[in-house]
Amino acid sequence: MTNLRIPGPTPCPDEVLKAMGRQMINHRGPEFARSLDDVTNKLKQLFQTRNDVFMLTGSGTGGLEAAVVNVLSPGDKVLSVSIGVFGERFAAIAKQFGADVIPLNFEWGKAAKVDEIRQALKDNPQVKAVLVTHNETSTGVTNDLSAISSVVKEYGKLLVVDAISSLGSIELPVDEWQCDVTVTGSQKGWMVPPGLIMVAVSEAAWEANAEAKMPRFYWDFAKAKSYLEKGQTPWTPAISVIFALEVALDMLLKEGISSIVARHAHIADKARSGIKALGLELFAEDGYASNTVTSVVAPERLNVKEMLRILREEHDIVLGGGQQSMSGKIFRIGHLGWVTDKDIDDVLHAFKVVLPQAGFGG
Ligand SMILES: *Cc1c(COP(=O)(O)O)cnc(C)c1O
C-alpha cells in the first residue's frame, strides 16, 4: 500500500472503505435518519460541543464559504488573521461575498501574534467577526487558538475557525474555546474519503445568522437545522461518506480524544526529530510546529521535485510539496488521521537513501 503522507486526503482503514461499498438507501427514510442522528451525536463528542453540528456535502473550502455567508452581510468588517495559503483563501471568500476584509497577515512559517490581534481589534471597533485558521496546512504551523479566542471574546467578536486539518487530530475543545463557527473536512484527520464538511454553530453564530444578508442557498445553515430536526439533510448528501464516517467515528471514540491527541503529538515529534537528525531544518516557528503536518525547508542543493519523484516511484511514498510561493522551497509530510509510527519510520528511512540521490548530503 502506498504510504500516502500528504495532509489530506489521508489513508482510510479497511473497515471504513468497506462501509463505502454499502448499497444506497433512501436519504428521506428511517434508516438514514438513524445514521444521521448517530453520526451527529458522535461528532458532537469529538468536537466537544453542545452546539449544533451539521454535515454538509462538499470539500473543506465549501465549508469556509458556508461559514462566511451564514454569519455575515456585505459591508461587514471582518478581521482576517492569515498565516498562509488557507488563511488567504478564507479572506478571499469573505471579500468575494462583499465583506470589508481587514487583513492581518503574518510571515509564512510563523504563528499569529496574539498582541497584534488585540491591537487590530482595538483599532477597528466595527469588526464583526474574526476569521482564523487553527492549523495552517500550507506552512505546518498551528496557531494558539485558545489565546486567540480569549482576545476575540475580550472584544465580543464572533470567532470563525478553519479547523479543517486540526479537529479530530489535535486539541480543539470547541465550546471551551468559544468557537462560533468551526469547520472541518472528512478527508483530513477523520480517516474518511473526501466529500463531507462538518461544522459546529454556536448560539451567537445563530444570532448573527438571523441578520446575515450574504446570498446563500445550498449552504444555508437554517435549512440544515430544520431538516436535521426531521432526520434529513436539505439536499442529497454523500451517503457513502456518511457510512464511512460512522465507522471511523466509532474507531476514534474507542481510541478516545486524549489518546488521539497524544498519538498525533508523539508521531509529529518523531517526524520533527528525525528530520533534524538528517541535517534538515524545520520551516515552522519553534513551539508552533503542527502535529498534523511537518514542513521542511528545502536546502539549496536539494532538488525537491526529483526527491518527491524518487520517493513516489521507488519507495511508494507520497509527500506534499510547497504550495504557491512555497513551491520548491519547502516540502511537507502529512501525519494526521490513520497514521502509525511505522509510517513515519519508513519515510525517515527512505530519506537516508533518497536525499543524496536528489543532491543533498551523502
Ligand atoms: C485542506 C484544507 C482546506 C481546503 O479543503 P478542501 O477540502 O481542499 O476544499 C482548507 N483549509 C485547511 C486548513 C486545509 O487543510
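Each remark here, short or long, concerns the structure printed above.
Basis of the calculations
- Residues numbered from 1 in each chain as written.
- Predicted model: local features only at pLDDT ≥ 70, side-chain atom pairs only at ≥ 80, totals over all residues.
- Heavy atoms only, no water.
- Phe/Tyr/Trp six-rings, centres within 6.5 Å; stacked < 30°, edge-to-face > 60°.
- Lys NZ or Arg CZ within 6 Å of the ring centre and 35° of its normal.
- Axes fitted to C-alpha atoms, helices over the stretch in contact; angles between N-to-C directions.
- Helix = DSSP H or I, 4+ residues; strand = E, 2+ residues; numbered from the N terminus.
- Parallel < 35°, antiparallel > 145°, perpendicular 65-115°, else oblique.
- Left-handed = near helix turned anticlockwise from the far one by under 90°.
- Contact = heavy atoms within 4.5 Å.
- Buried < 20%, exposed > 50% of the residue type's maximum accessible area, 1.4 Å probe, protein only.
- Arc of directions from axis to C-beta.
- Salt bridge = Lys/Arg side-chain N within 4 Å of Asp/Glu carboxyl O.
- 1 Å grid on protein atoms, 1.4 Å probe; cavity = no way out; pocket = protein on both sides within 12 Å on 5 of 7 lines; lining within 4 Å.
- Points joined across faces, edges and corners; volume = space filled by probe spheres on them.
- Nonpolar A, V, L, I, M, F, W, Y, C, P; charged D, E, K, R; others polar.
- Pairing = 2+ DSSP bridges.
- Near = heavy atom within 4 Å.
- Polar contact = N/O pair within 3.5 Å; in protein donor to acceptor, adjacent residues only side chain to side chain.
- Areas by Shrake-Rupley, 256 points an atom, 1.4 Å probe, with all protein chains shown as cover.

(A) A look at the packing of aromatic side chains. Under the criterion given, the structure shown has seven aromatic pairs. Put simply, the rings of F217, Y218, W219 and W235 touch in pairs and so form one group of aromatic residues. Positioned over the ring face of F243 is R22, at 3.7 Å from the centre of the ring. Directly above the ring of Y227 sits K230, whose terminal nitrogen or CZ lies 4.1 Å from the centroid.

(B) View of the packing of helix α3 (residues 60-71) against helix α4 (residues 85-96). One can describe the packing of α3 onto α4 by two numbers: an axis separation of 9 Å at closest approach and a directional angle of 45°. With respect to their mutual orientation, α3 and α4 come out oblique. Where α3 crosses over α4, the handedness of that crossing is right-handed. Residues T61, L64, E65 and V68 of α3 form the contact with α4, whose own contacting residues are R89, F90, I93 and A94.

(C) Representation of helix α5 (residues 114-123) in the model. Buried within α5 we find V114, I117, A120 and L121. Looking straight down α5, one finds its buried side chains confined to an arc of 120°; they lie on one side. Exposed positions of α5 whose direction lies more than 90 degrees from the buried face are D115 and D123. Structurally, α5 contributes buried residues whose contacts are with β3 (77-82), β4 (100-105), β5 (129-133) and α6 (145-154).

(D) Main features of the pattern of salt bridges. Tallied over the full model, the rule gives 19 salt bridges. As a salt-bridge pair, E313 and R309 come within 2.6 Å of each other at their nearest N and O atoms. Of this pair, E313 and R309 are both found in helix α11 (residues 304-315), four residues apart, which corresponds to roughly one turn of the helix. The exposed category is assigned to E313, whose relative accessible area is 52%. For R309, a relative accessible area of 27% gives the class partly exposed. For K342, the salt bridge is made with D346, and the minimal N-O distance between the two is 2.7 Å. Pair noted here: K342 and D346 are both in helix α12 (residues 341-357), with a separation of four residues, about one helical turn. The exposure class of K342 is exposed, given its relative accessible area of 54%. When salt bridges with common partners are traced through the structure, they connect D38, K42 and D250 into a single cluster.

(E) Empty space enclosed by the protein, seen in detail. Taken as a whole and judged by the stated rule, the model has three cavities of 30 Å³ or more. As for the largest cavity, its lining consists of 20 residues, of which M55, L56, A224, T233 and P234 are closest to the centre. Elements that contribute at least two residues to the lining of the largest cavity include exactly α2 (30-47), β2 (52-57) and α8 (221-228). The biggest single contributor to the lining of the largest cavity is β2, with five residues. Of the residues that constitute the lining of the largest cavity, the class distribution is 13 nonpolar, five polar and two charged. Roughly 70 Å³ of internal volume is contained in the second largest cavity. Contributing to the lining of the second largest cavity are L46, Q48, L167, G168, S169, I170, E171, L172, I257, I260 and V261.

(F) The sheet that holds strand β14 (residues 330-334), seen in detail. Read from one edge of the open sheet, five strands run β1-β13-β14-β12-β11, paired in mixed fashion. Among the strands making up the open sheet, the edge pair consists of β1 (3-5) and β11 (281-282). As judged from the three bridges shared by β1 and strand β13 (residues 317-321), these two strands associate in the parallel manner. Residue pairing in the sheet places N3 in a bridge with I317 of β13. Packed onto the sheet, α11 meets β13 and β14 and runs at close to 160° relative to β13.

(G) Spatial organisation of the environment of D343. By the element assignment, D343 lies in helix α12. Sequence spacing of D343 and L4 is 339 residues, and the spatial spacing of their C-alpha atoms is 8.9 Å.

(H) Seen up close, the site of the ligand. The ligand sits among 13 residues. The nearest are S59, T61, T137, D162 and K188. Between T137 and the ligand, the recorded distance is 2.4 Å, taken from a side-chain N or O atom to an oxygen atom. Within the complex, 88% of the 380 Å² of free accessible area of the ligand lies under protein. Secondary-structure elements contributing two or more residues to the shell around the ligand are α3 and α4. When grouped by side-chain class, the residues that make up the shell around the ligand number two nonpolar, eight polar and three charged.

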